[in-house]
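Structure assessment
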There are 2 protein chains.
Amino acid sequence: MELSERKKKILKSVIDSYIRTGEPVGSKLLTGTSDLQVSSATIRNEMNELERMGYLEQPHASAGRVPTAEGYRTYVDGLMEQYLLSLEELKVLNEVFNYKVSEIERLMESASHAISEMTNYTSFSVIRPSGRNAQRFETLYIDEHSFLLIMICTDGSIRNRHVKVRMSVDPEMLKTVADALNATMSGVCSEDVTLQSVLEFEERLGAHSGIAATVLRVIYDMLNSTDSEKVHIDGVTKLLSYPEFSDVEKAKDAIALFEDRRDFAQKIMSRSTDEKGLTVHFGEADLPDAGIVLQPIIINGKTVGAIGVMGPKRMDYKKVIASLQYFVDNVGKQFEGESENEQEHRKKPE
Amino acid sequence: MELSERKKKILKSVIDSYIRTGEPVGSKLLTGTSDLQVSSATIRNEMNELERMGYLEQPHASAGRVPTAEGYRTYVDGLMEQYLLSLEELKVLNEVFNYKVSEIERLMESASHAISEMTNYTSFSVIRPSGRNAQRFETLYIDEHSFLLIMICTDGSIRNRHVKVRMSVDPEMLKTVADALNATMSGVCSEDVTLQSVLEFEERLGAHSGIAATVLRVIYDMLNSTDSEKVHIDGVTKLLSYPEFSDVEKAKDAIALFEDRRDFAQKIMSRSTDEKGLTVHFGEADLPDAGIVLQPIIINGKTVGAIGVMGPKRMDYKKVIASLQYFVDNVGKQFEGESENEQEHRKKPE
DNA sequence: ATTAGCACTCGTAGAGAGCAAGTGCTAAAA
DNA sequence: TTTTAGCACTTGCTCTCTACGAGTGCTAAT
């Protein structure tokens, strides 16, 4: 059933006001604001209907109205106007790009920080856990008792560990190790390491097989580690400023969401993977008073991560959405279709 | 001025009780508990004196007593009994060691997690930011448009970045880059890069000088990044369960401490560096109701980091201290005097 | 279809009473 | 001299009650 123009106006005004003040909004309040040229009684009638239609609700009988999830949904889907980022805000966001960082991970971290500051909500960025298939191994001699073990995965991501060993190592030996690994462990993920490949690996090591156990353990660790570092969270305390979370129990629930980063990343990515664009979620994850805006980051057609904002359900969606969209548009420009990010190079006539 | 035996007993009982319940403790309560065989009136008199001496205080005139910072101090410095870790608890802690991890960083992370779970307070681990002097550079070819730039610092720590470039690279060229870096940038820290060394670096690159800007920027980034990943925090929400933090404002203050990890690491390390052993801090950092137990981690005479617990000022110090000490003792055993950590090797007759 | 008016509902803030906990002090007992 | 019982006093907390204000739905008039 379609909403009449006036109902839309009223719904929008209610939500705008509620977002601004956090107070349930009554009919009288609306007669003053907005371009509604009707009396409070008329508005009351309309609000009554909006309530029956499921867009508004009353905290208690004699209070004003508050939007329902459905109300917010229609609001973000078409009612709210577009937010124009101020020059100030653009400056802050652009700074993220100007301080060129070569890795998208760090770029997203700074963006997340900037967005949290700008919107005054909690912001987070998540890098999609990379495919776990090892493609190639490299070793690098550090000193007599340690070396760097580098694993290059099929998706291009790289992991490495500084391995310290008791026995002494030398570059040639490390070369042997790398070769043995590449011969036996290439393309594996954690599950398909077989006893056979392990044995073959040890065999190829020849005289150096003493190091096998250590190396295998490190590789196992690399394959299974969840890169919890790739989850960034910024401005958690900001949430606590909103009355929605002034009850410690609620605050606890909200913050608990970020506590287990691994788990959080999974939740976020599972919601972002199938989406092409920005999505808005209300009152999920046992957080009835929270809203989450989620923006997948897609580069060259692949979802590499997501950046998002969490705030009270009545957060300023238009501002949040504008910020996230500005970021993702510019990330696109910077990373699409190329693996390099330098303007210096473009300037050179080469 | 020395405390009489009886005063000590009373002070200890008060603090024990307060830690357990969080309620101010009155004179009557103590007649029941502990081995004080005196009446409440006597205890009242003693408490009165303890108050004048600065060990106890009253939240308000008709309430029981609460320990002051001074009270806690003497308590942890000698009054409290030793806590014996239960078999359960030992099991949890030992698991951290049994799942052998080669890097102390990860070991401390798991320990921090275990300790937080065990004590039900927030726990953290910090790895001391390594000396920022580059000692040696290495490059590793990944593919035509990217390579790994590895920086080995004077203190043995290693940083690396996956550098993506537009131009195509090959192993020989990367060798040139590494050589040029080692020739010009060895031993530098962020401040003493001179224009001259930059120019010399470019010169040594010869035909490949196009890559100079990118490489230099990455190195600058590596030298200045603060390894915020090396701060681990576990169980923040646990704090919120204690009445001390049931006021959102207080909770906010407490959590804000962990918000800026870089800043937090600095604070922690500046307190740990000069200490050889465990220290206890009460009501610092604008957190009047919080206590922090800090345990520096020293390996081969060098303070490599710290692990600690933050809880309400009335936290169970004896348990916390026992856990931290158990951990640090075993870390010592595992890392002291050797760079390897494998029992597998020890078992071998080699 | 809109609006003014009104009775009604409900949450909140404030005042006051009563209660419980705990103290300091005094005077008696050990 | 030290300890103890007894008591008056202080103070915060909880409960109830009231008044108030905000906002509603409904009815009747425009």
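Scroll up to find the structure this text is about.
Residues numbered from 1 in each chain as written. Chains lettered and ligands numbered in written order. Predicted model: local features only at pLDDT ≥ 70, side-chain atom pairs only at ≥ 80, totals over all residues. Heavy atoms only, no water.

Once that is clear, we can look at the packing of helix α11 (residues 248–259) of chain A against helix α12 (residues 261–272) of chain A. All names here are of chain A. Where α11 meets α12, the closest approach of the two axes is 6 Å, and the angle between their N-to-C directions is 90°. It follows that α11 is roughly perpendicular to α12 by the angle criterion. Facing α11, whose interface residues are Leu 257, Phe 258 and Glu 259, α12 presents Arg 261, Phe 264 and Lys 267. Each residue belonging to the contact of α11 with α12 can be placed in one class, and the counts come to three nonpolar, no polar and three charged. (Axes fitted to C-alpha atoms, helices over the stretch in contact; angles between N-to-C directions. Helix = DSSP H or I, 4+ residues; strand = E, 2+ residues; numbered from the N terminus. Parallel < 35°, antiparallel > 145°, perpendicular 65-115°, else oblique. Contact = heavy atoms within 4.5 Å. Nonpolar A, V, L, I, M, F, W, Y, C, P; charged D, E, K, R; others polar.)

Residues and elements named next belong to chain A. In terms of residue burial, strand β5 (residues 146–153) counts as a mostly covered element, since eight of its eight residues are buried. Alternating residues of β5 divide into Ser 146, Leu 148, Ile 150 and Ile 152 and Phe 147, Leu 149, Met 151 and Cys 153, and every residue in both groups is buried. Across eight bridges, the pairing between strand β4 (residues 134–143) and β5 is antiparallel. Of the residues in β5, the one forming a bridge with Ala 134 is Cys 153. Taking the residues that link successive antiparallel strands as the turn, the β4-β5 hairpin has two residues. For β5 and strand β6 (residues 158–164), the ladder comprises seven bridges, and the chain directions are antiparallel. (Buried < 20%, exposed > 50% of the residue type's maximum accessible area, 1.4 Å probe, protein only. Pairing = 2+ DSSP bridges.)

A ring pair, where both rings are aromatic, is described by two values, the distance of the centres and the angle of the planes. All names here are of chain B. One pass over the structure, following the stated rule, counts 16 aromatic pairs over all chains. Taking 5.0 Å as the distance between ring centres and 90° as the angle between the ring planes, the aromatic pair formed by Phe 124 and Phe 264 counts as edge-to-face. One end of the pair, Phe 124, is in strand β3 (residues 122–127); the other, Phe 264, is in helix α12 (residues 261–272), and 140 residues separate them in sequence. For the residue pair Phe 124 and Phe 264, the accessibility class agrees, reading buried in each case. With 5.6 Å between their ring centres and 80° between their planes, Phe 282 and Tyr 317 make a pair best called edge-to-face. In this pair, Phe 282 is assigned in strand β8 (residues 279–282) and Tyr 317 in helix α13 (residues 317–335), connecting sequence segments 35 residues apart. Accessibility classification places Phe 282 together with Tyr 317 in one group, the buried group. (Phe/Tyr/Trp six-rings, centres within 6.5 Å; stacked < 30°, edge-to-face > 60°.)

Residue and element names in this part refer to chain A. Between helix α1 (residues 5–21) and helix α3 (residues 40–52), the shortest axis-to-axis distance is 10 Å and the interhelical angle comes to 85°. Put simply, α1 runs roughly perpendicular to α3. Here α1 contributes Arg 6, Lys 7, Ile 10, Leu 11 and Val 14 to the contact with α3, which in turn contributes Thr 42, Ile 43, Glu 46, Met 47, Glu 49 and Leu 50. Along the lines of polarity and charge, the residues of the contact of α1 with α3 split into six nonpolar, one polar and four charged.

DNA strand C sits among 20 residues. The nearest are A:Ser39, A:Thr42, A:Ser62, B:Ser27 and B:Arg65. Taking all atoms of DNA strand C within 4 Å of the protein, the share assigned to sugar and phosphate is 73%. For DNA strand C, a base oxygen lies 3.1 Å from a polar atom in the side chain of A:Arg44. Residue A:Ser62 places a side-chain N or O atom 3.1 Å away from a base oxygen belonging to DNA strand C. Elements with a minimum of two residues in the surface near DNA strand C: α3 of chain A together with α3 (40–52) of chain B. Tallying contributions element by element places α3(A) first for the surface near DNA strand C, with four residues. Partitioning the surface near DNA strand C into residue classes produces five nonpolar, eleven polar and four charged. (Near = heavy atom within 4 Å. Polar contact = N/O pair within 3.5 Å; in protein donor to acceptor, adjacent residues only side chain to side chain.)

This part is about the sheet that holds strand β6 (residues 158–164) of chain B. All names here are of chain B. Strand order across the open sheet formed by three strands is β4-β5-β6, with antiparallel pairing between neighbours. Whereas interior strands pair on both sides, the edge strands pair on one side only; in this sheet they are β4 (134–143) and β6. Neighbour-to-neighbour, the strand axes of this sheet turn through a mean angle of 20°, independent of strand direction. Against the sheet, helix α7 (residues 171–184) touches β4 and β5 (146–153), its axis set at about 170° to β4.

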